[in-house]
Amino acid sequence: MAAMDEPMTSQQIADAAGLKERYVREWLGAMVTGTIVNTDPNSEKFMIPKHRQRELVSTRKNQAGLARGLTSLYRLQDDVMDCFRKEGPSGIPHSKYEYHYRWLASFKKNDYDDTKMRALIGQVSGLEKVLGAGIHVCDVGCNTGYHVGMLAKLFPSSQFVGVDISESAIAEAQTNNYSVNATFETQDVYNLSSDWSDKFSYVHVSNVIHDLAYPEKALSEIYRILKPGGFLSLVEVNAHSKPSDNLSIPNAQGIYVFSLCHCVPSALNYPGGTALGSCWGREAAMSMLKDIGFDCVQVFEIPNQPEEIHISAQKPQGI
């Protein structure tokens, strides 16, 4: 419907999409009463207003993408309810989130473009210069490697490695042939390669830490593999650590729902899991980084991405 230049009947929409008209007509009823699609009661034609199309059909983060993510989690609503009960399970195993992780891979791919990546890099003083000259970079929790491939293309003199616990995600990343200066490995963030100590000048982690059962252990490993003076970029949800401070945060209620259905139960499935949740907040993140030993911890807004923040930190020199 986003490609429609003029209103169409339910039959025309169905024909254009290769769908059954009766189902389309009922779906349109839901869309009209949900104030997503407009209709002319006289002609019985339908159209998405231009001002709503960006949120519904943009290739980057939007309400349509988030809706598909919620759909992937509705399959687990009974499991989540069981976790609420005192006698119920502590959490939900990752194996039950396979459908959700397929959606997440697609969603994260649309999360970044060259503009956002350059904006992040530009917020860390001196980083773009050393990337251009050539350094070692690690992307932790790289999924299918889209971010790594983008960085490798932007900075061909640097060497990039993406790591993820998912063997299937790494296998897909390896078949994508992003660039000769990008490689991928299946690794556990809690036990990264022992010979990586002080190896990387830059580590990038996008929306991973809040999902982990043991975030302090993961960040300590990242600290270990960074060179003294090396930079860390955490992309995290734009939130504060107290719900009362998140009333003005875009789509905060939806983020809490995602966290309730995935981030918290997947972390609590492990003994002693921390379960930070998506909205663990900038205050808790900055405190954890400082406790681990990071220096120069700063929070930046990401241009045109109000739902996320960039937390940068540095491993002190001489460590």
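Residues numbered from 1 in each chain as written. Predicted model: local features only at pLDDT ≥ 70, side-chain atom pairs only at ≥ 80, totals over all residues. Heavy atoms only, no water.

Caption draft 1: How the structure looks around the overall build of the protein chain. When helices and strands are counted, the protein chain shows 13 helices and nine strands. Along the first, second and third principal axes, the C-alpha atoms of the protein chain reach 75 × 50 × 40 Å. Buried residues in the protein chain amount to 48% of all 319 residues. Surface summary for the protein chain: the accessible area is close to 16100 Å², and the carbon and sulfur share equals 53%. A distance of 2 Å separates the average location of the 29 positive side-chain charges in the protein chain from that of its 36 negative side-chain charges. (Helix = DSSP H or I, 4+ residues; strand = E, 2+ residues; numbered from the N terminus. Buried < 20%, exposed > 50% of the residue type's maximum accessible area, 1.4 Å probe, protein only. Areas by Shrake-Rupley, 256 points an atom, 1.4 Å probe, with all protein chains shown as cover. Lys, Arg positive; Asp, Glu negative; His and termini not counted. Charge placed at Lys NZ, Arg CZ, Asp CG, Glu CD.)

Caption draft 2: The arrangement of the sheet that holds strand 8 (residues 295-301) in detail. Read across the open sheet, the seven strands follow the order 5-4-3-6-7-9-8; overall the sheet is mixed. Edge positions in the sheet fall to strand 5 (182-186) and strand 8, since each has one partner strand and no second. Recorded for the sheet is a direction-independent mean angle of 20° between the axes of neighbouring strands. Two strands pair when backbone bridges link them, and strand 8 and strand 9 (residues 308-314) are joined in this way by five bridges, in the antiparallel orientation. Of the residues in strand 9, the one forming a bridge with E301 is I309. Packing against the sheet, helix 9 (residues 146-154) makes contact with strand 3 (136-140), strand 4 (159-164), strand 5 and strand 6 (200-206), and its axis sits at approximately 175° to strand 4. On the sheet, helix 13 (residues 281-292) packs against strand 7 (226-237), strand 8 and strand 9 and is oriented at approximately 160° with respect to strand 8. (Pairing = 2+ DSSP bridges. Axes fitted to C-alpha atoms, helices over the stretch in contact; angles between N-to-C directions. Contact = heavy atoms within 4.5 Å.)

Caption draft 3: Molecular detail of helix 2 (residues 21-33). Between its first and last C-alpha, helix 2 extends 18 Å over 13 residues, near the 18 Å set by a 1.5 Å rise per residue. For helix 2, the secondary structure elements touched by its buried residues are helix 1 (10-17) and strand 2 (45-47). Once helix 2 finishes, T35 follows within two positions and takes phi at roughly 55°, a positive value. (Expected span 1.5 Å × (residues − 1).)

Caption draft 4: Region of interest: the side chain of N207. Along the chain, N207 turns up in the loop between strand 6 and helix 11 (215-225). For N207, the side chain forms a polar contact with the side chain of E308, separated by 2.8 Å. (Polar contact = N/O pair within 3.5 Å; in protein donor to acceptor, adjacent residues only side chain to side chain.)

Caption draft 5: Seen up close, a nonpolar patch on the surface. A surface patch of nonpolar side chains, about 310 Å² in accessible area, is lined by M81, F84 and L260. Position of M81 among the secondary structure elements: in helix 5 (residues 77-84). On the accessibility criterion, M81 (44% relative accessible area) is partly exposed. (Patch = residues over 30% accessible without salt bridge, like charges linked within 9 Å, V, L, I, M, F, W, Y side chains within 5 Å. Salt bridge = Lys/Arg side-chain N within 4 Å of Asp/Glu carboxyl O.)

Caption draft 6: Looking closely at the packing of helix 11 against helix 13. Packing of helix 11 against helix 13 brings their axes to within 10 Å, and their N-to-C directions diverge by 55°. One way to sum up the angle between helix 11 and helix 13 is to call them oblique. As for how helix 11 packs across helix 13, the hand of that crossing is right-handed. Facing helix 11, whose interface residues are P215, E216, L219, S220 and Y223, helix 13 presents M288, L289 and I292. Its residues assigned to classes, the contact of helix 11 with helix 13 comprises six nonpolar, one polar and one charged. (Parallel < 35°, antiparallel > 145°, perpendicular 65-115°, else oblique. Left-handed = near helix turned anticlockwise from the far one by under 90°. Nonpolar A, V, L, I, M, F, W, Y, C, P; charged D, E, K, R; others polar.)

Caption draft 7: Spotlight on the pairing of strand 5. For strand 4 and strand 5, the ladder comprises five bridges, and the chain directions are parallel. Paired with F160 across the two strands is A182, which belongs to strand 5.

Caption draft 8: Representation of the nonpolar core. In terms of nonpolar packing, the biggest core is built from 35 residues, with C138, V203, V205, L219, L232, L289 and F294 touching the most fellow members. Breaking this core down by element, the ones donating at least two residues are strand 3, strand 4, strand 6, helix 11, strand 7, helix 13 and strand 9. The leading source of residues in this core is helix 11, at five residues. Once you skip the residues sitting within four places of it in the chain, L289 turns out to touch L219, L232, L234, F294, V297, I311 and A313. By size, the runner-up hydrophobic cluster in this structure holds 24 residues, among which are V137, V148, L154 and F155. (Core = buried A, V, L, I, M, F, W, Y, C linked by side-chain atoms within 4.5 Å.)

Caption draft 9: View of unusual backbone geometry. Despite not being glycine, D198 shows a phi value in the positive range, around 55°. Mapped onto the fold, D198 is located in the loop between strand 5 and strand 6. Under the relative-accessibility criterion, D198 is labelled partly exposed at 35%. One non-glycine residue, C296, lies in positive phi territory at about 50°. Looking at where C296 falls in the secondary structure, it is placed in strand 8. Given the relative accessible area of 43%, C296 is considered partly exposed.

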